[in-house]
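Now for the letters of each chain:
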Amino acid sequence: MAIDWSGAAPSWDRHRHTIEEMKAEVTELLLAAVRPLEGAQVLELGGGTGELAARLADEVGPTGQLTATDLAPGMVELLDKRLAAYPNVTVSRADAMDLDLPERSFDAVVFRMGLMMAPDPDRALAGIHRVLRPGGVFATTVWGTPQENPWMTAVGMAAAFSGLVAGGPPVAPGGPFSLGDPDDLARRVGAAGFSDVSVRRVPKTRHYRDAAQHVDEIGTLSPQLTAAFAAATPEQLAAVVEGVTALTAEYAAEGGGTDVPGTALLCVARRPG
């Protein structure tokens with residue numbers, strides 16, 4: 001079952017610029033991979049706040065059309081709000097694992113940081129392949145392994161140590177690290193019928209002035225952590241901050257704070273034809 005991100009939508013709305021900063025490096029590479037888009041029919045899945053959709057709408061221009069979608073109703077509301085002024089955009093609710101869209105109707109499909117959240121990514125890839133026109137491009141980004149992303153895992157680990165959440169890093173299907181192996185991701189995309197499949201690692205570094213900022217940022221962007229922190233006592237929250245301080249000590253920045261590393265994967269492929 002897919003996670004309902006509607007509960008996190010208000011936090012994503014407040015932190016939309018921070019979210020774009022987190023994904024800046026991989027976003028620029030994603031856009032470069034699908035260009036040129038002028039006049040194209042483009043589908044974005046998992047559109048979230050709509051910031052990438054706005055850029056895609058500018059890329060396709062007045063002669064193109066962007067269909068911006070998300071599964072969570074709360075995120076669809078954010079898309080509607082952000083994209084209301086764009087006449088070349090259609091906003092709708094869509095499930096990546098059950099795309100109710102015409103076959104061969106898009107020149108490009110973009111799925112930024114959402115494919116790994118699909119409980120059945122192979123089914124999602126098959127649907128994406130179906131709606132792409134022959135020769136169309138598919139570009140997706142996912143997070144790498146937990147070991148490559150301490151900027152995210154440190155908060156989850158500290159929350160687990162404090163008894164607020166249970167279990168290890170979310171590597172099972174539908175979790176943020178479920179597609180972190182580049183070879184596995186390439187195999188899945190190829191098995192769905194795509195050709196010219198390429199996967200590259202994209203490193204990033206996130207600066208935090210202190211552990212409290214780190215906890216607040218990651219905690220407000222994860223539905224599970226948002227719920228756990230809302231029910232936590234002040235003592236438990238203080239323990240999480242203390243835990244993150246210890247877990248990220250090795251990433252201390254010269255001018256203060258921490259520079260915590262992360263890694264994303266960018267996968268680009270085409271439908272043959």
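Residues numbered from 1 in each chain as written. Predicted model: local features only at pLDDT ≥ 70, side-chain atom pairs only at ≥ 80, totals over all residues. Heavy atoms only, no water.

Draft legend 1. Seen up close, the overall build of the protein. Summing up its helical and strand segments, the protein has 11 helices and 7 strands in all. The C-alpha radius of gyration computed for the protein amounts to 19 Å, which stays within 12% of the reference 19 Å derived for 273 residues, consistent with globular compactness. Based on the C-alpha atoms only, the size of the protein along its principal axes is roughly 55 × 40 × 40 Å. Looking at the protein as a whole, 53% of its 273 residues are labelled buried. (Helix = DSSP H or I, 4+ residues; strand = E, 2+ residues; numbered from the N terminus. Rg over C-alpha atoms; globule rule 2.2 N^0.38 Å. Buried < 20%, exposed > 50% of the residue type's maximum accessible area, 1.4 Å probe, protein only.)

Draft legend 2. Inspection of the pairing of strand E4 (residues 106-112) at higher detail. Counted residue by residue, E4 has 6 buried out of 7 residues, so it is predominantly covered. As paired strands, strand E1 (residues 41-45) and E4 are joined by 4 bridges and run parallel to one another. By the bridge assignment for E4, Val42 is matched with Ala108. Note: E4 against strand E5 (residues 132-143), 6 bridges, orientation parallel. Residue Arg112 lies in a different strand from E5, and its bridge partner there is Thr141. After leaving E4, the chain enters helix H6 (residues 121-131) and then returns to the sheet as E5, a path that is right-handed. (Pairing = 2+ DSSP bridges. Right-handed = clockwise from strand over helix to strand, strands pointing away.)

Draft legend 3. View of the environment of Gly144. Looking at where Gly144 falls in the secondary structure, it is placed in the loop between E5 and helix H7 (150-161). Sequence separation between Gly144 and Val76 is 68 residues; the distance between their C-alpha atoms is 26 Å.

Draft legend 4. Expanded view of the sheet that holds E1. Within the open sheet, the 7 strands sit side by side as E3-E2-E1-E4-E5-E7-E6. Their pairing is mixed. Two strands close off the open sheet at either side, each with one partner strand: strand E3 (89-93) and strand E6 (195-208). Averaged over all pairs of adjacent strands, the angle between strand axes in this sheet comes to 15 degrees, irrespective of strand direction. Across the sheet, helix H5 (residues 73-83) lies against strand E2 (65-70) and E3, angled at about 170 degrees from E3, the strand it touches most. Relative to the sheet, helix H8 (residues 182-191) contacts E5, E6 and strand E7 (258-270), its axis offset from that of E6 by approximately 140 degrees. (Axes fitted to C-alpha atoms, helices over the stretch in contact; angles between N-to-C directions. Contact = heavy atoms within 4.5 Å.)

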